[in-house]
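# Chain and residue survey
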Amino acid sequence: MSKPAIEFTDITDIEYTLCPGDDPLIKERILATDPATGVATRILRYEPGADSTPIGVQKHDFWEEVYIVEGSFTDLTLGQTFHAGQFACRPPGMPHGPWRSEEGVTTYEVRYPAPAEQ
């Protein structure tokens, strides 16, 4: 299976939901998802003061590309702050986070499966 075909649609019709960890300051708007793999395209929003420390460093078994649309957040492991206009491309297994955002941040993320080993 794969993500569904979707023609242009108003994303404001898609509700934000709590991300894993249930922090009310960290929400996602899932734009498209592959039910077989769970990979998704999403808008991620950290409200001002959000901190993902309780869920710790993240590692995924999928590729993840992230573009910061507005605001900024700090990778607490790296001690580095990233701002609007910056982009990351993370291969499966690449550690990142946890994150804290003082001003709030909105990202656009595309996730896709790693190719099968041959």
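Refer to the preceding data block for the structure.
First, a word on what this report is: a plain description of the structure on this page. Keep in mind it's a predicted model, so treat the numbers as computed, not measured. (Residues numbered from 1 in each chain as written. Predicted model: local features only at pLDDT ≥ 70, side-chain atom pairs only at ≥ 80, totals over all residues. Heavy atoms only, no water.)

### A few points about the packing of aromatic side chains
Ring pairs (aromatic) are described by centroid distance and by the angle formed between their planes. Worth spelling out the cut-off: Each Phe, Tyr or Trp ring, with Trp reduced to its six-membered ring, pairs with another whose centre is within 6.5 Å; inter-plane angles below 30 degrees give stacked pairs, above 60 give edge-to-face pairs, and intermediate values give tilted ones. Strands here are runs of E lasting at least two residues and helices are runs of H or I lasting at least four, both read from the DSSP assignment and numbered beginning at the N terminus. In this scheme, a residue with accessible area under 20% of its type's maximum is buried, one over 50% is exposed, and one in between is partly exposed, where area comes from a 1.4 Å probe on protein chains only.
Tallied over the entire structure, the rule returns 4 aromatic pairs. Note on Y46 and F73: the rings are 5.8 Å apart at their centroids and 90° apart in plane angle, and the pair reads as edge-to-face. One end of the pair, Y46, is in strand β3 (residues 40-46); the other, F73, is in strand β4 (residues 62-75), with 27 residues separating them in the sequence. Per residue, the accessibility class of Y46 equals that of F73, and both read buried. Consider the rings of W63 and Y112, whose centres lie 6.2 Å apart with planes at 10°: the pair is stacked. You can see W63 sitting in strand β4 and its partner Y112 sitting in strand β8 (residues 105-113), a full 49 residues away along the chain.

### Quick word on the pattern of salt bridges
Inclusion rule: We count a salt bridge whenever a side-chain nitrogen from Lys or Arg sits within 4 Å of a carboxyl oxygen from Asp or Glu.
A complete count under the given rule lists 7 salt bridges for this structure. A salt bridge links D51 to R100; the nearest nitrogen and oxygen atoms lie 2.9 Å apart. You can see D51 sitting in the loop between β3 and β4 and its partner R100 sitting in strand β7 (residues 99-100), a full 49 residues away along the chain. Sharing partners across several salt bridges, the network here consists of E28, R42, E64, R90, E109 and R111.

### Focus: the layout of surface pockets
Basically, it comes down to this: The pocket and cavity definitions rest on a 1 Å grid over protein atoms only: a 1.4 Å probe that fits but cannot leave marks a cavity, an open set with protein on both sides within 12 Å along at least five of seven lines marks a pocket, and residues lining either have an atom within 4 Å of a point. Grid points are joined across faces, edges and corners, and a volume is the space filled by probe spheres set on the points. Any residue that is not Ala, Val, Leu, Ile, Met, Phe, Trp, Tyr, Cys, Pro, Asp, Glu, Lys or Arg is counted as polar, Gly included; the first ten are nonpolar and the last four charged.
One number sums up the size of the largest pocket: a volume of about 430 Å³. In terms of lining residues, the largest pocket is bounded by 23 residues, among which R42, Y46, I55, Q58 and R111 are the most central. Each residue belonging to the lining of the largest pocket can be placed in one class, and the counts come to 10 nonpolar, 5 polar and 8 charged. Every residue lining the second largest pocket is counted, 14 residues in all, and those nearest its centre are F82, F87, A88, R90 and W99. For the lining of the second largest pocket, the secondary structure elements donating two or more residues are β4 and β6 (87-90). Looking at the lining of the second largest pocket, the element that brings in the most residues is β4, giving 4 residues. Residue classes in the lining of the second largest pocket are distributed as 10 nonpolar, 2 polar and 2 charged.

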